Every structure is written in C-alpha cells, then in structure tokens.
Amino acid sequence: MSVLVESQGEQLNNIEAQVNRAASFVEHGTTQLFIAKKHQRNTRKWMCIGIILLLIIIVAIVVPIVKH
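These lines cover the structure that appears in this document, whether it is placed above or below. What you are looking at is a predicted structure, and each value in this text was computed from that prediction instead of being measured.

Another point: the overall build of the protein. When helices and strands are tallied, the protein shows one helix and zero strands. Whereas a compact globule of 68 residues would reach a radius of gyration of roughly 11 Å, the protein reaches 29 Å, over 25% beyond that. Once the C-alpha set of the protein is aligned to its principal axes, its extents read approximately 100 × 10 × 5 Å. Here the protein holds 68 residues, and the buried ones make up 0% of them. Counting only carbon and sulfur atoms, one obtains 69% of the accessible surface of the protein, whose full area is about 6,600 Å². Taking the average location of the 7 positive side-chain charges in the protein and that of its 4 negative ones, the two points are 41 Å from each other.

Rules of the game
Residues numbered from 1 in each chain as written. Predicted model: local features only at pLDDT ≥ 70, side-chain atom pairs only at ≥ 80, totals over all residues. Heavy atoms only, no water. Helix = DSSP H or I, 4+ residues; strand = E, 2+ residues; numbered from the N terminus. Rg over C-alpha atoms; globule rule 2.2 N^0.38 Å. Buried < 20%, exposed > 50% of the residue type's maximum accessible area, 1.4 Å probe, protein only. Areas by Shrake-Rupley, 256 points an atom, 1.4 Å probe, with all protein chains shown as cover. Lys, Arg positive; Asp, Glu negative; His and termini not counted. Charge placed at Lys NZ, Arg CZ, Asp CG, Glu CD.

In structure tokens form, the structure reads like this:
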C-alpha cells in the first residue's frame, strides 16, 4: 500500500511541475501577445501617417499642374 501511495505522490508531483511549467508558458505567451499588439498599433499608426503624407505630396504636385 505504501508503495502505491509513494508512486502516486511522485505522479502528483510530476503533474504539479508540468502544470506550473504550462502556467509559466501561458504567462510568457500573454506578455508576448501584449507586446505584439503594441507593435501592431505603432506600425499601423506610422503607415497611416506615411499614406497621408504621400497624399499631401501628390496633391501638392497635381494642383499646380491642373491650374496651368
């Protein structure tokens, strides 16, 4: 009986270690997702600024040509 209890104790310890390891991976993954979301927002912001500047430059070139 004690051998079974000891064996189950080792299995429980192993399961607990795996759960803790999985929790660590999930926490790290959550952090990485948060960082990726910040990068995505920043990239989108700069993309919009670039498109707006490009449109302003195009309008600044086209308007004088059309007036003449």
